[in-house]
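Summary of structural features
The primary structure of each chain is shown beneath.
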Amino acid sequence: MKRRAFLALPALLPACTAASSGSGAFTFANGIGTRAGGPNLAMYAQADGGFARATPRSWTTPATVVDGLSRNDEFYPANPIPAATATPWRRATAEPVLGYEGAAVLGGGRYDIDGYMDRNPATGLLVAKGDTILVERYQYARTPAHRFASFSMAKTVTALLVGVAQAEGAIGSLDTPAAAHVPGLAGTEYGATPLRHLLTMSSGVQFREEYDGNDDNAILGRNTLARASAGGAVALAPFNTRIAAPGARFYYASSETYVLALVLRAAFGRPLAAVLAERVWGPMGAEAQASWLTDASGTELGYMGVNAVLRDYARLGLLMARGGATPAGRQAVPEAWITAMTRPHVAQAGRFYGYGYQTWIFPDRESFAFQGVRGQVIFVHPRSGLVMAHTAVRLASRDAGGADAVALWNGVRRAVG
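Below, the structure is looked at part by part. (Residues numbered from 1 in each chain as written. Predicted model: local features only at pLDDT ≥ 70, side-chain atom pairs only at ≥ 80, totals over all residues. Heavy atoms only, no water.)

This brings us to the nonpolar core. Among soluble globular proteins, nonpolar side chains are generally buried collectively. With 96 residues, the main nonpolar core has Leu236, Trp281, Trp292 and Leu316 as its most contacted residues. Counting residues per element, this core draws most heavily on helix 4 (residues 153-167), which supplies 9 residues. Contact partners of Leu236, with chain neighbours within four places excluded, come to Leu185, Tyr190, Leu220, Ser255, Tyr258, Val259 and Leu262. The next biggest cluster of nonpolar side chains, apart from the first, holds 33 residues, and it includes Met201, Val346, Val377 and Met388. (Core = buried A, V, L, I, M, F, W, Y, C linked by side-chain atoms within 4.5 Å. Buried < 20%, exposed > 50% of the residue type's maximum accessible area, 1.4 Å probe, protein only. Helix = DSSP H or I, 4+ residues; strand = E, 2+ residues; numbered from the N terminus. Contact = heavy atoms within 4.5 Å.)

Unusually for a residue other than glycine, Tyr140 sits at a positive phi of about 55 degrees. Structurally, the position occupied by Tyr140 is in the loop between strand 9 (132-138) and strand 10 (148-149). With relative accessibility at 0%, the residue Tyr140 sits in the buried group.

Attention shifts here to the side chain of Ser152. Assignment of secondary structure puts Ser152 in the loop between strand 10 and helix 4. A residue is classified by how much of its surface remains accessible, and Ser152, at 8% relative accessible area, is buried. Polar side-chain contacts of Ser152 include one of 3.1 Å to the side chain of Tyr252. Ignoring anything within four residues of it in the chain, the contact list for Ser152 reads Tyr252, Tyr303, Gln371 and Gly372. (Polar contact = N/O pair within 3.5 Å; in protein donor to acceptor, adjacent residues only side chain to side chain.)

Summed over the entire model, instances satisfying the criterion amount to 17 aromatic pairs. Connected via pairs of aromatic rings, a cluster forms that spans Trp59, Phe75, Tyr76 and Phe151. Note that Arg137 overlies the ring of Phe26, its terminal NZ or CZ placed 4.4 Å from the centroid. Residue placement shows Arg142 over the ring face of Phe51; its charged tip is 5.4 Å from the ring centre. (Phe/Tyr/Trp six-rings, centres within 6.5 Å; stacked < 30°, edge-to-face > 60°. Lys NZ or Arg CZ within 6 Å of the ring centre and 35° of its normal.)

Its location among the elements puts Ser58 in the loop between helix 1 (41-44) and helix 2 (65-68). In this structure, Ser58 is in contact with Arg53 and Thr64, ignoring residues within four places of it in sequence.

Topologically, Thr123 is positioned in strand 8 (residues 122-129). For the pair formed by Thr123 and Gly107, sequence separation is 16 residues and the distance between their alpha carbons is 21 Å. Contact partners of Thr123, with chain neighbours within four places excluded, come to Arg137, Tyr138, Gln139, Tyr140, Arg142, Phe148, Thr391, Ala392 and Val393. A distance of 3.4 Å separates the side chain of Thr123 from the backbone nitrogen of Ala392, its partner in a polar contact.

Right, let's talk about the sheet that holds strand 12 (residues 306-308) for a bit. Read across the open sheet, the 4 strands follow the order 4-11-12-10; overall the sheet is antiparallel. The open sheet has two edge strands with one neighbour each: strand 4 (78-81) and strand 10. Here strand 10 pairs with strand 12 via 2 bridges, running antiparallel. From the neighbouring strand, Ala149 faces strand 12, where its bridge partner is Asn307. Together, strand 4, strand 11 (290-293) and strand 12 form the strand contacts of helix 8 (residues 272-281), whose direction differs from that of strand 4 by roughly 20 degrees. Against the sheet, helix 9 (residues 310-321) touches strand 10 and strand 12, its axis set at about 115 degrees to strand 12. (Pairing = 2+ DSSP bridges. Axes fitted to C-alpha atoms, helices over the stretch in contact; angles between N-to-C directions.)

Looking now at empty space enclosed by the protein. In this structure the tally under the stated criterion is 2 cavities of 30 Å³ or more. Approximately 40 Å³ is the volume attributed to the largest cavity. Every residue along the wall of the largest cavity is listed here: Val66, Leu69, Ser70, Thr123, Arg142, Phe148, Ala149, Gln376, Thr391, Ala392 and Val393. Breaking the lining of the largest cavity down by element, the ones donating at least two residues are strand 10 and strand 17 (386-392). Taken together, the residues of the lining of the largest cavity break down into 6 nonpolar, 4 polar and 1 charged. Contributing to the lining of the second largest cavity are Met201, Gly204, Val205, Arg249, Phe250, Tyr251 and Glu256. Looking at the lining of the second largest cavity residue by residue, the class counts come to 4 nonpolar, 1 polar and 2 charged. (1 Å grid on protein atoms, 1.4 Å probe; cavity = no way out; pocket = protein on both sides within 12 Å on 5 of 7 lines; lining within 4 Å. Points joined across faces, edges and corners; volume = space filled by probe spheres on them. Nonpolar A, V, L, I, M, F, W, Y, C, P; charged D, E, K, R; others polar.)

Structure below.
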């Protein structure tokens, strides 16, 4: 085995540690911190401290969500994304002391990494600068080998593939309507929507995404992930009412990314997982096999469903930080496309971000994020090469505690960005 190089870094920004939550101390080996516990352990774990096995019916319930979000592709059909020759990491000789001001919604206060982990149900946390890992932590008995569910972080991956498809001539102008690639969408409102407005969540087609179990997103999930329909264009049949002109208004809708997935599947003529492996996953030097959940037609969901180890999520963030270039300098995704993805096409989208091409933009425009519900996020600051990959088991899709991850990111940026 090739020996990794290590980089010494000084401790930075001293901070107080949160009061012990009874989660237990982290054990460190080779710079990686792990522990079997975590905050609110009684809610997530069995009496013996183990974690119950999830099923397609139970995977988001508190008693099984830890297993469910780290084994999602074992109980849903998925296409594999093979590992590659891993790009080696360097690692700080000691984890730097990083402080941040906690989000007010969780009570505020000053915390370090231990404090963050004690008050947040993160399953994995990795901070890297360039090729050097500064922090790598896992709790709830998760490990570097677990493939964590991405939820909507997958949307940004789908947008990357749109850039690849355009560069290869598989799709042309972004002003082309979706039906030009997917005949099954002919005569529908989504079919008439230009790709550009699908990328920016501004199709103008009515779709309610509120995560209440009775919204349009739940119907989409049943028609795709749960295979209640044959998949493909048929899965979008319930969503065919136009309430605004394309490009006139922003409304976050997973259905728009699913349309993009159908367009890409038709344009490439093969599974998106295979294209991703060949054009992105392999060139960036992924260390572990990943996967992408599929609908009944065999098409990757696009709007969710990528499952990968934490270090490969961090590598994906670094690929974008480098403008789409691999560690070896090869342009896997055109730099101009990364620039287009990561500038705000829709200002003030959502609560405190702008929106690019399936990518959330911070107000200062210096950093951006892949973001999924329940605490899945990759933050990227290109100028400094700083990345923070974070997976979690927050119990609600819109959990206000997610603001604490943003607060931590801001603290990390100030310290080492």
